[in-house]
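The residues making up each chain are set out below.
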Amino acid sequence: FAELHERSLRTAQGLADLGVGPGDRVALWLPNVPAYLFLYFACARLGAIAVAVNTRYRAVEVADIVGRSGAKVLACAPGFRRIDFLSILAEVDPQALDKLAAIVIVGDEPAMPPAAIERLRRVPFDRLLSRARFGVSHAAPNAPCNIFTTSGTTSAPKFVLHRQGAIATHAQEVARAFGFDAPETLTLSILPLCGVFGFNQTLTTLAAGKPC
């Protein structure tokens, strides 16, 4: 837990160096890796909003979510399941990426990134971790912190905005209701963090002070 806190504060400073501040959006196009949580809690510290992007999405969906949300930073993991995230980005309409100040690369970046994204600044996630701790807190119960999308059954997916107080309170209430505070609790975060089910399970585990 101390390491999670420390790395989240360093990540917050790294995002702040990229211009992320209160109200800005950070798109998390990531699998279940520790960096997801470091970035998420960094956003909360900054008063920024984490936008969940499913790793199965391709150019059309990514363009819609990143473009409509006005994300300032997008984090992706090019080495995950051999999904060529950067090539998918290269297929996105450049206008949808106009507001991106940087792409944060979690893990290794391909030696030859697509020419279409060379204009976009790419920053290794490890560089964010190398920063000093962010010393200010913009966290507040009413501060917006999450955007999840609906399924888009009847039209384009809708954005659902959540605030920090609601997320924290929900995690604590679920922990009590489902007995996550039991001494032997240990959860496996196998459901995607980009979906509310997996996200809630992991946040509830942490709220209970248990390992996942």
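Values in this document were obtained by computation on a predicted structure and should not be read as measured data. (Residues numbered from 1 in each chain as written. Predicted model: local features only at pLDDT ≥ 70, side-chain atom pairs only at ≥ 80, totals over all residues. Heavy atoms only, no water.)

What to know about the packing of aromatic side chains
For any pair of aromatic rings, geometry is given as the distance between the ring centres together with the angle between the planes. For clarity, the threshold we go by: What counts as a ring pair is set by centres within 6.5 Å for rings of Phe, Tyr and Trp (its six-membered ring), and what kind of pair is set by the plane angle: stacked under 30 degrees, edge-to-face over 60, tilted for all other angles. Helix and strand labels come from DSSP, where a helix needs a run of H or I of at least four residues and a strand needs a run of E of at least two; each type is numbered from the N terminus. Relative accessibility decides the category of a residue: with a 1.4 Å probe and only protein chains considered, values under 20% of the type maximum give buried, values over 50% give exposed, and everything between is partly exposed.
With the rule as written, the count across this model stands at five aromatic pairs. Each ring, one from phenylalanine 38 and one from phenylalanine 125, has its centre 6.4 Å from the other, and the planes form 10°; the classification is stacked. You can see phenylalanine 38 sitting in helix H2 (residues 34-46) and its partner phenylalanine 125 sitting in helix H5 (residues 125-129), a full 87 residues away along the chain. When its relative accessible area of 9% is taken as the criterion, phenylalanine 38 is described as buried.

Details of the nonpolar core
The cut-off we apply is this: The term nonpolar core refers to a set of buried residues drawn from Ala, Val, Leu, Ile, Met, Phe, Trp, Tyr and Cys, joined through side-chain atoms within 4.5 Å. Any two residues whose heavy atoms approach within 4.5 Å at even a single point are treated as in contact.
Counting 40 residues, the largest nonpolar core has Leu15, Leu28, Leu30, Leu39, Tyr40 and Phe125 as its most contacted members. Here leucine 28 is in contact with Tyr36, Leu39, Tyr40, Ala50, Val51, Ala52, Val53 and Ala75, once residues within four sequence places are set aside.

Remarks on the sheet that holds strand E1 (residues 25-29)
Where we set the bar: Strands qualify as paired when DSSP identifies two bridges or more between them. The angle between two axes is taken between their N-to-C directions and runs from 0 to 180 degrees, where each axis is a line fitted to C-alpha atoms and a helix contributes only its stretch in contact.
What the seven strands build is an open sheet, ordered E5-E4-E3-E1-E2-E6-E7; its pairing is mixed. In the strand order of this sheet, the two ends are held by strand E5 (122-124) and strand E7 (159-163), each with one partner. Put simply, the sheet's adjacent strands are angled 25° from each other on average, direction ignored. Where helix H6 (residues 164-177) meets the sheet, it contacts strand E6 (144-149) and E7, and its direction lies at approximately 75° from that of E7.

Digging into the pairing of E1
As a reminder of what qualifies: Note on handedness: a clockwise path from strand one over the helix to strand two, with the strands aimed away from the viewer, defines a right-handed crossover.
Buried residues dominate E1, accounting for four of its five residues. Of the pairings in the sheet, the one linking E1 to strand E2 (residues 49-52) comprises four bridges and is parallel in character. Across the sheet, residue alanine 27 finds its bridge partner in E2, namely valine 51. Each parallel crossover has a hand, and for E1 linked through H2 to E2 it is right-handed. Looking at chain direction, E1 and strand E3 (residues 73-76) are connected through four bridges and run parallel. In the sheet register, leucine 28 faces E3, and the bridge partner there is alanine 75.

With respect to the pattern of salt bridges
For side chains of opposite charge, pairing can occur when their charged atoms come near one another. Spelled out, the test is: Just to be clear on terms, a salt bridge is a Lys or Arg side-chain nitrogen sitting within 4 Å of an Asp or Glu carboxyl oxygen.
For the structure on display, the rule yields seven salt bridges. Across the salt bridge formed by aspartate 17 and arginine 131, the nearest N and O atoms sit 2.4 Å from each other. Within this pair, whereas aspartate 17 is found in helix H1 (residues 2-17), its partner arginine 131 is found in the loop between H5 and E6, the two being separated by 114 residues in sequence. Salt-bridge contacts for lysine 72 lead to aspartate 24; the nearest nitrogen and oxygen are separated by 3.2 Å.

Details of helix H7 (residues 196-207)
Defined as follows: One fewer than the residue count of a helix, multiplied by 1.5 Å, yields its expected span.
An ideal rise of 1.5 Å per residue puts 16 Å on twelve residues; H7 measures up with 16 Å between its terminal C-alpha atoms. Among the residues of H7, Gly198, Phe199, Gln201, Thr202, Leu203, Thr204, Thr205 and Leu206 are the ones counted as buried. Remark: glycine 209 follows H7 within two positions and exhibits a positive phi of approximately 75°.

With respect to H1
With 16 residues, H1 should cover 22 Å at 1.5 Å per step; its first-to-last C-alpha distance of 23 Å lies within 8% of that length. Taken as a whole, H1 has its buried residues at Leu4, Ser8, Leu9, Thr11, Ala12, Gln13, Gly14 and Leu15. Buried-residue contacts for H1 involve H2, E3, H5 and H7. Following H1 by one or two positions, glycine 19 has its phi on the positive side, about 95°.

Let's talk about a nonpolar patch on the surface
Note the cut-off: The patches reported here contain residues having more than 30% relative accessible area and no salt bridge. Joining distances are 9 Å for like charges and 5 Å for nonpolar side chains (Val, Leu, Ile, Met, Phe, Trp, Tyr). Accessibility throughout is a Shrake-Rupley quantity obtained with a 1.4 Å probe, and a residue counts as covered only by protein chains that appear here.
On the surface, a nonpolar cluster with roughly 460 Å² of combined accessible area is contributed by Leu188, Ile190, Leu191 and Phe197. With respect to the helices and strands, the residue leucine 191 is situated in the loop between H6 and H7.

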